[in-house]
Amino acid sequence: MAQVGTAETGRGDAGRPATDSGTRRAGIRRLVHVGARPEPWKRGPVLAALALLLGLFMLLHAKIPNRVGNLGSLVESLLPWFGLFIPVLLAGALWRRSASAVAALLLPVTVWLNLFGGLLGDKSHSGADLTVVSHNVGADNPDPAGTARDLAASGADVLALEELTQQARGTYEKELAKTYPFHTVQGTVGLWSRLPLSDSRPVDIKQDVGPLADTKPVDVRLAYNRALRTTVATDQGPLAVYVAHLGSVRVNPRAGFWTDSRDRNARALGEAVAAERNERVVLLGDLNGTTDDRAFDAITSQLRSAQDAAGDGFGFSWPAKFPVARIDQILVRGVQPKSSWVLPSTGSDHLPVAAGISW
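Residues numbered from 1 in each chain as written. Predicted model: local features only at pLDDT ≥ 70, side-chain atom pairs only at ≥ 80, totals over all residues. Heavy atoms only, no water.

Novice: Looking at this model, I keep getting lost on the overall build of the protein chain. Mind explaining?
Specialist: Counting its secondary structure elements, the protein chain contains 13 helices and 14 strands. Long-range pairs, those at least 24 residues apart, make up 71% of the contacts in the protein chain between residues at least 6 apart in sequence. Summed over its atoms, the accessible surface of the protein chain is roughly 18,400 Å², and 59% of this surface lies on carbon and sulfur atoms. (Helix = DSSP H or I, 4+ residues; strand = E, 2+ residues; numbered from the N terminus. Contact = heavy atoms within 4.5 Å. Areas by Shrake-Rupley, 256 points an atom, 1.4 Å probe, with all protein chains shown as cover.)

Written as structure tokens, this is what we have:
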């Protein structure tokens with residue numbers, strides 16, 4: 001009896017692979033049969049068209065004109081978020097059982113991954129020679145002393161601050177003095193450093209334009225200056241560091257995406273970087289825009305993003321409570337980004353951003 005049972009069990013075990021294999025073959029035949037039928041390909045033509053339009057929209061974003069309301073720049077500022085339409089369209093395609101819509105979604109998926117797939121992984125490495133941090137501390141920051149202490153504890157060797165007010169400047173200088181013996185403040189931007197600084201000066205980014213601009217005294221113009229350049233003395237040689245806070249942008253029904261002052265500042269800053277003789281350059285600051293925006297071509301053609309090269313994820317920095325865009329940038333030339341990350345929130349509406357660089 002035991003031998004009979006064993007034989008029956010053996011036949012059952014031997015039969016399972018055949019059954020599983022037959023099930024798989026039957027499933028494949030059903031899929032081929034369904035795919036060969038015209039009905040699934042006829043369903044969901046609107047969904048298929050929307051999927052193709054989405055893919056072309058992202059693929060040809062650089063061709064979207066800025067003539068009407070700076071639409072091209074607005075789209076590029078939010079470009080990663082257009083990927084959210086992909087799962088929505090996929091859900092619709094599956095609900096409609098539309099083979100054509102599913103096939104059409106291959107285009108936007110491929111385009112999005114080509115544009116942003118490299119940001120999905122962690123590209124950071126250890127071994128940085130210098131840590132730099134940039135933070136728009138916010139003019140309405142209710143706790144500048146706490147913000148300064150948090151930044152001093154970040155481990156930064158070089159710390160750039162933007163949107164400094166006259167009222168808060170003394171607080172930052174007092175709280176950061178122990179950690180950073182060297183600093184320079186030029187208008188509303190400043191740089192604090194563990195290493196010596198030299199050749200510190202404001203950078204004219206055309207913040208003040210018009211017939212009366214040249215008639216204003218230097219001290220008046222310096223009060224609202226929004227960019228500086230200095231040299232940090234490192235063990236590997238001099239490092240040119242720029243700190244900038246470009247003009248704000250606005251979205252309204254009449255003007256659309258208003259970026260006039262920011263774009264003017266970006267062009268002027270690009271000219272200043274182009275004239276820089278030092279091969280090693282770091283740009284820190286609130287640029288009020290993402291590096292995907294064509295408005296920064298004069299800058300991004302010379303400098304590369306530390307976040308793109310060595311970050312983990314998109315590194316969104318604004319607004320602090322629910323970040324949707326990285327408008328606070330660390331861009332470099334002549335040095336190697338080793339890591340890039342976003343620091344915890346402070347009393348500002350921006351998050352601080354950090355990067356480790358080496359030679």
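Novice: Looking at this structure, I do not really get helix 9 (residues 166-176). What am I missing?
Specialist: Quick reminder: α-helices carry 3.6 residues per turn. Residues three or four places apart thus point the same way. By the burial criterion, the buried members of helix 9 are A168, Y172 and L176. Buried residues of helix 9 fall within an arc of 60° about the axis and therefore sit on the same side. In helix 9, the exposed positions that point more than 90 degrees away from the buried face belong to Q166, Q167 and K174. Buried residues along helix 9 sit in contact with helix 8 (144-152), strand 2 (158-162) and strand 4 (189-193). (Buried < 20%, exposed > 50% of the residue type's maximum accessible area, 1.4 Å probe, protein only. Arc of directions from axis to C-beta.)

Novice: Please clarify how the side chain of H350 should be interpreted in this entry.
Specialist: Take H350: it is sitting in the loop between strand 13 (336-342) and strand 14 (353-358). Using a relative accessible area of 5% as the deciding quantity, one classes H350 as buried. With near-sequence residues (within four places) excluded, H350 lies in contact with H135, N136, D286, S317, W318, A320, I327 and D328.

Novice: Quick question: what am I supposed to make of the packing of aromatic side chains here?
Specialist: When we look at a pair of aromatic rings, we describe it by the centre distance and by the angle of the planes. Per the counting criterion, the structure on display carries 7 aromatic pairs. Geometrically, the ring pair formed by F82 and F85 is tilted, given 6.2 Å between the ring centres and 35° between the ring planes. With centroids separated by 5.3 Å and ring planes inclined at 20°, the aromatic side chains of F314 and F316 adopt a geometry described as stacked. These aromatic residues form a ring-pair network of at least three members: W81, W112, F116, F314 and F316. (Phe/Tyr/Trp six-rings, centres within 6.5 Å; stacked < 30°, edge-to-face > 60°.)

Novice: Sorry, what's going on with the sheet that holds strand 1 (residues 130-136) here?
Specialist: Hydrogen bonds between backbone groups are what pair the strands of a sheet, and the pairing can be parallel or antiparallel. Read from one edge to the other, the open sheet built from 6 strands follows the order 3-4-2-1-14-13, with strand pairing classed as mixed. Each edge of the sheet is formed by a strand with only one pairing partner; in this case those strands are strand 3 (182-186) and strand 13. Across the sheet, the mean angle from the axis of one strand to that of its neighbour is 15°, orientation sign disregarded. Bridge count between strand 2 and strand 4: 5 bridges; the pairing is antiparallel. Paired with E162 across the bridge in strand 4 is V189. (Pairing = 2+ DSSP bridges. Axes fitted to C-alpha atoms, helices over the stretch in contact; angles between N-to-C directions.)

Novice: Explain the sheet that holds strand 12 (residues 328-333) here, please?
Specialist: Taken in spatial order, the 6 strands line up as 5-6-7-10-12-11 in an open sheet, and their pairing is mixed. In this open sheet, the two strands that pair with only one neighbour each are strand 5 (197-202) and strand 11 (304-305). Note that strand 6 (residues 227-234) and strand 7 (residues 237-245) share 8 bridges and pair antiparallel. Looking at strand 7, one finds that V232 is bridged to L239. Its contacts with the sheet put helix 11 (residues 260-274) on strand 7, strand 10 (281-286) and strand 12, and the angle it makes with strand 7 is roughly 175°.

Novice: What am I meant to see in the pairing of strand 3 here?
Specialist: Side chains on a regular strand alternate between the two faces of the sheet. Where strand 3 and strand 4 come together, 5 bridges link them in antiparallel fashion. In the strand pairing of strand 4, T184 is matched with L191.

Novice: What should I look at first to understand helix 8 in this one?
Specialist: Burial within helix 8 is extensive, with 7 of its 9 residues counted as buried. By the burial criterion, the buried members of helix 8 are P144, A145, G146, T147, A148, L151 and A152. Of the surrounding elements, those touching the buried residues of helix 8 are strand 1, strand 2 and helix 9.

Novice: Just to check I follow, could you spell out the pattern of salt bridges for this structure?
Specialist: Summed over all chains, the structure comprises 10 salt bridges. With a closest N to O distance of 2.8 Å, R201 and D199 form a salt bridge. Overall, the relative accessible area of 37% leaves R201 in the partly exposed class. Residue classification places D199 among the partly exposed positions, given a relative accessible area of 45%. Ionic contacts of the salt-bridge type, sharing partners, join the residues D199, R201, R229 and E276 into one network. (Salt bridge = Lys/Arg side-chain N within 4 Å of Asp/Glu carboxyl O.)

Novice: What is the right way to read a nonpolar patch on the surface from this model?
Specialist: Taken together, the side chains of V46, L50 and L53 make up a nonpolar region of the molecular surface, amounting to roughly 290 Å² of accessible area. The topology assignment puts V46 in helix 3 (residues 45-59). For V46, a relative accessible area of 59% translates into the label exposed. (Patch = residues over 30% accessible without salt bridge, like charges linked within 9 Å, V, L, I, M, F, W, Y side chains within 5 Å.)

Novice: How should I be thinking about the packing of helix 3 against helix 7 (residues 106-116) in this particular structure?
Specialist: Packed helix pairs are characterised by how far apart their axes lie and by the angle those axes make with each other. Contact pair helix 3 / helix 7: the axes reach a minimum separation of 7 Å and the direction vectors enclose 25°. As far as their axial angle goes, helix 7 and helix 3 are roughly parallel. Remark: the crossing between helix 3 and helix 7 carries left-handed chirality. Note on element contacts: helix 7 touches helix 3 through L107, P108, V111, W112 and L115, opposite A51, L52, L54, G55, L56, M58 and L59. Grouping the amino acids of the contact of helix 3 with helix 7 by side-chain chemistry returns 11 nonpolar, 1 polar and no charged. (Parallel < 35°, antiparallel > 145°, perpendicular 65-115°, else oblique. Left-handed = near helix turned anticlockwise from the far one by under 90°. Nonpolar A, V, L, I, M, F, W, Y, C, P; charged D, E, K, R; others polar.)

Novice: Looking at this structure, I do not really get the environment of V111. What am I missing?
Specialist: Here V111 is to be found in helix 7. Between the alpha carbons of V111 and F57 there is a distance of 9.7 Å; along the sequence they are 54 residues apart. With residues up to four places along the chain from it excluded, the contact list for V111 reads G55, M58 and L59.

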